[in-house]
Every structure is written in C-alpha cells, then in structure tokens.
Amino acid sequence: MPQLQNIPTFIFQQDGSPAHFHCEVRQYLNTVLPGRWIGRASGNDQPLMLWPPRSPDITPCDFFLWGYVKDRVFVPPLPRDLADLKARIIAAVKNIDAPMLTRVWQELEYRIDVCRVTRGAHIEHL
C-alpha cells in the first residue's frame, strides 16, 4: 500500500468476506496497519475495531454506489441490450464527481463513529 503510506490518518476497511479473513491477509494488516484496520479478526490480530457482523452499512459501495448507479441505469426506457446496459453504467460512474465523493467520505466517517460509539451494536437508523 505505498500510495497510502504518506496519509497518516487513514483507516483501512474491508468487509467480512472469507478471503479477507485469511491469516496471511490479517498478518499483513497487523504488520503494516496495526490498529488502523477494520475487519474480521481473531487471536492476536490488531484491528481498530471488528467488522460488525452482517453489516453493509459502513461500506460505501453498499450505502452509496450500488443504489446511485441503479437509480441512473434502470430508468425508462430500460436498457435494450447488454451494450446499452454497460454504457449506462459507465455514464453513471463517470457522473460521480469530487464533491459527491467528499459527501460519501463524510458519511462514512459518521457511520464509523456511530459503530465506534455503539461498539458495533445493531443500529436501526443508518
């Protein structure tokens, strides 16, 4: 992660995917980002916090991207074929600008703060 080494305040987040729980992945995160990652952990791992089970509410792709793209792709008239579908998806993603990503980042920070305060408990209002 050389691109991230010069950013001292970032926190690396991954979901609960089995591939992310692999011992070599966790060993790498513990070595490179001790106490600066969120994910599934066990034993002597050093995450900032554990990934809340069944919790897509702190994943930007889940709380923002997929809904945003779907809202722009599946509007009448619906895509005619695969090429039209791909073109609409590309156009929707290209329409995402810096101010929009700033708001997503602020929302992510808020959601992580809520998870921190509630210690990963179930959160109804997110």
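Residues numbered from 1 in each chain as written. Predicted model: local features only at pLDDT ≥ 70, side-chain atom pairs only at ≥ 80, totals over all residues. Heavy atoms only, no water.

Caption draft 1: Highlighting the pattern of salt bridges. Taken as a whole and judged by the stated rule, the model has four salt bridges. Across the pair Glu107 and Arg111 runs a salt bridge whose closest N-O atoms are separated by 2.7 Å. With Glu107 and Arg111 both in helix α4 (residues 98-118) and four residues apart, the pair spans about one turn of that helix. Looking at Glu107, the relative accessible area reads 28%, which means it is partly exposed. What makes Arg111 buried here is its relative accessible area of 10%. (Salt bridge = Lys/Arg side-chain N within 4 Å of Asp/Glu carboxyl O. Helix = DSSP H or I, 4+ residues; strand = E, 2+ residues; numbered from the N terminus. Buried < 20%, exposed > 50% of the residue type's maximum accessible area, 1.4 Å probe, protein only.)

Caption draft 2: Expanded view of the side chain of Asn30. Among the secondary structure elements, Asn30 is positioned in helix α1 (residues 23-32). Reaching out from Asn30, the side chain makes a polar contact with the side chain of Trp37 at a distance of 3.3 Å. Once residues within four sequence positions are removed from consideration, Asn30 is found in contact with Trp37, Asn44, Asp45 and Gln46. (Polar contact = N/O pair within 3.5 Å; in protein donor to acceptor, adjacent residues only side chain to side chain. Contact = heavy atoms within 4.5 Å.)

Caption draft 3: Quick look at α4. Across its 21 residues, α4 extends 30 Å between first and last C-alpha, which sits within 8% of the 30 Å expected from 1.5 Å per residue. Looking at the buried residues of α4, the elements they touch are β1 (12-13), β2 (37-39), β3 (49-50) and α2 (60-73). Where α4 begins, one side-chain oxygen reaches toward the backbone nitrogen of Met100, 3.0 Å away; that side chain belongs to Asp97. Residue Arg119 follows α4 closely and has a positive phi angle near 55°. (Expected span 1.5 Å × (residues − 1).)

Caption draft 4: Main features of the confidence of the model for the chain. Residues at a pLDDT of 70 or more form 87% of the chain, whose mean pLDDT is 83. Highest mean pLDDT in the chain belongs to helix α3 (residues 82-94) (95); lowest belongs to β1 (73). (pLDDT = per-residue confidence, 0-100.)

Caption draft 5: Quick look at the packing of α2 against α4. The contact between α2 and α4 brings their axes to 10 Å, and the two run at 145°. Contacts between α2 and α4 involve Pro60, Phe63, Phe64 and Tyr68 from the first element and Met100, Val104, Glu107, Leu108 and Arg111 from the second. For the contact of α2 with α4, the per-class residue count stands at seven nonpolar, no polar and two charged. (Axes fitted to C-alpha atoms, helices over the stretch in contact; angles between N-to-C directions. Nonpolar A, V, L, I, M, F, W, Y, C, P; charged D, E, K, R; others polar.)

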